Amino acid sequence: MENSLSPSVASFQSSSVLEEHGHEFKEWLASLPKEKSFAPSGITFYQDFWCPTMLLQNVISFQNHFHAHDQDIILASKPKSGTTWLKAIIFSIVNRTQFTLSNTPLLTKVSHELVPFFEVTVYRNNKIPDLTTMSSPRLFSTHVPYASLPKSIKESKCRIVYVCRNPLDTLVSHWYFGSHLSDIRSLGWTLEEFVGKFCDGKEGFGPFWSHVLGYWKASIENPNKVLFLKYEDLKEDTIYQIKRLAEFIGFPFSQEELRHGVVEDISKLCSLNALKDLEVNKNGTHASFFPNKSFYRKGEVGDWVNHLSPSMLERLNKMIEEKFKDSGLSFKVSC
Ligand SMILES: Nc1ncnc2c1ncn2[C@@H]1O[C@H](COP(=O)(O)OS(=O)(=O)O)[C@@H](OP(=O)(O)O)[C@H]1O
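Quantities reported herein were computed from a predicted structural model and do not represent experimental measurements.

So, the packing of helix H12 (residues 238–248) against helix H14 (residues 262–269)
Two elements in contact, H12 and H14, have axes whose closest approach is 9 Å; the angle formed by their N-to-C orientations is 105 degrees. Classified by the interaxial angle, the pair formed by H12 and H14 is roughly perpendicular. Of the residues in H14, those touching H12 at Thr238, Ile239, Ile242 and Lys243 are Val263, Glu264, Ile266 and Ser267. Its residues assigned to classes, the contact of H12 with H14 shows 4 nonpolar, 2 polar and 2 charged.

And the structure:
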C-alpha cells in the first residue's frame, strides 16, 4: 500500500499547525485518496490508514495538540473489537470507591452514552475542547493506529490498553453495525463485497492487520506501557482479565475487595445484557449519529460462522495467514 505522506507533505503538515484549517491545508486533504464506507463521509487514506473523512481534521488536531498526562488511560481499539465493554470495565474499576457497585448512579454511568471516556477524535469544529478540567485519571478512547498517535502519548508515562478481537467476528460485527446506518442500503454492498474491502484494508481505521500489529509490537517492546487484551480472553475468563487490567492501570484490588466479590460485581455490571437493558442504551444516539443500541448486539465468539460463506472464509483465512505469520499473534475464532 502506498505511503500517503511524502516528505514534503509531512513537513507541510508539521510546519503549518496554525494553518490547520486554512485553504492550502484543505486542498491537500481533498487531494488524498478516498473510498466509500458506511460513514456518510467515506474514508480517506492518511498515514497508511483509512480514516473516516469526517474525523480526519480532528485526527490531525489530536496529533498536533493533544498533551498526555502521565496518569491518563488511553483505550485503543480497531472499531468493533470490544471498546464499549472495556470503557464500562475501566470506568468501573477506576470509580469503584466513589459508587457502590450495586447502586443506580454507577449503573447509569456505565452506559455507552454517559461513561465519561473522551473519544479523542470525535468533537465538533475540529477543535479539541478544554480537557484540563477532566478529573484524574483522564479516560480517553481512540481508534487511531499506534503509528499515528500523538508523540506525547508515546513519550509520557500514560498507559495504553488495547483490545483486539478475532478478524472474523470483528468483520461481522462491523457489517451489522453498518446495517444500522441508513446509507448502507444506498451503498448497495453485499457482505461478500464488504469482505473484499476488509481484505484490501479499505474500511474505517483499516487495514485491520496493521492496526493490530502496530499495538501488538508496541506491547511487546514496552509491556508496562501497552497492555494487549483479546476480546476472546475476556469472554473466557472475565474475572482474571479484569484483575490484570486493574493492576496495569494502577488500580489493583485489595484482598478485602477480592473477598467481597468486587471483581465479580464489576463483571456483572458490565456484561452485555446489563448494558443492553439500560434505558439510556435503548434510545438516543452517540456522537449525534450512531444509535446507542447499535453498540450492543450478540457479543459472541464465533458468530461469524452464521454469516460467512466458505469462499469468504477462504479469502479471509488467506489474508490472516499472510499478514500475521511470524508475528507471534494468533486469534481464537470459536469458543
Ligand atoms: N458488555 C459487553 N460484553 C461483550 N461484548 C460487548 C459488550 N458491549 C458491546 N459488546 C459487543 O462489542 C461489539 C461492538 O464493538 P465496539 O464496542 O468496539 O464498537 S465501537 O468500536 O465502539 O463502535 C458488538 O459485538 P457484536 O455483538 O459481535 O456485533 C457488541 O455486541
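Back to the text.
Considering the environment of Val226
Positionally, Val226 belongs in strand S8 (residues 226–230). Under the relative-accessibility criterion, Val226 is labelled buried at 2%. Along the sequence, Val226 and Ala76 sit 150 residues apart, while their C-alpha atoms lie 9.7 Å from each other. Every residue in contact with Val226, bar those within four places of it in the chain, is listed here: Tyr146, Ile160, Tyr215, Ala218, Ser219 and Phe248.

Points about the pairing of strand S4 (residues 73–77)
The buried fraction of S4 amounts to 5 of the 5 residues, a majority that puts the element mostly inside the structure. Because side chains alternate across S4, one face comprises the buried residues Ile73, Leu75 and Ser77, and the other comprises Ile74 and Ala76, equally buried. Sheet topology places S4 next to strand S7 (residues 159–164); 5 bridges connect them, and they run parallel. For Ile73, the partnering residue across the bridge sits in S7 and is Arg159.

Some thoughts on the sheet that holds S8
Across the sheet, which stays open at both edges, the 5 strands sit in the order S5-S6-S4-S7-S8 with parallel pairing between neighbours. Both outer strands of the open sheet, strand S5 (118–119) and S8, are each paired with one neighbouring strand and no more. Pairing analysis gives 5 bridges linking S7 to S8, with the strands arranged parallel. Opposite Val161, over in S8, you have Leu227 as the bridge partner.

Brief notes about the packing of aromatic side chains
The final tally for this structure, using the stated rule, is 22 aromatic pairs. Seen from their ring centres, Phe45 and Trp50 are 4.9 Å apart, and the 40 degrees between their planes marks the pair as tilted. In terms of burial, Phe45 and Trp50 fall into one category: buried. Ring geometry for Phe208 against Phe331: centres 6.1 Å apart, planes inclined by 55 degrees, an arrangement best described as tilted. Taken together, the residues span a long stretch of sequence, with Phe208 in helix H10 (residues 208–221) and Phe331 in the segment after helix H17 (310–324) at a distance of 123 residues. Side by side, Phe208 and Phe331 carry an identical accessibility label, which is buried. Through successive ring pairs, a cluster of aromatic residues spans Phe25, Trp28, Tyr46, Phe49 and Phe205. The positively charged end of Arg165 is found above the aromatic ring belonging to Tyr231, 4.1 Å away from the centroid.

What counts and how
- Residues numbered from 1 in each chain as written.
- Predicted model: local features only at pLDDT ≥ 70, side-chain atom pairs only at ≥ 80, totals over all residues.
- Heavy atoms only, no water.
- Axes fitted to C-alpha atoms, helices over the stretch in contact; angles between N-to-C directions.
- Helix = DSSP H or I, 4+ residues; strand = E, 2+ residues; numbered from the N terminus.
- Parallel < 35°, antiparallel > 145°, perpendicular 65-115°, else oblique.
- Contact = heavy atoms within 4.5 Å.
- Nonpolar A, V, L, I, M, F, W, Y, C, P; charged D, E, K, R; others polar.
- Buried < 20%, exposed > 50% of the residue type's maximum accessible area, 1.4 Å probe, protein only.
- Pairing = 2+ DSSP bridges.
- Phe/Tyr/Trp six-rings, centres within 6.5 Å; stacked < 30°, edge-to-face > 60°.
- Lys NZ or Arg CZ within 6 Å of the ring centre and 35° of its normal.

The analysis is restricted to geometry; functional conclusions fall outside its scope.
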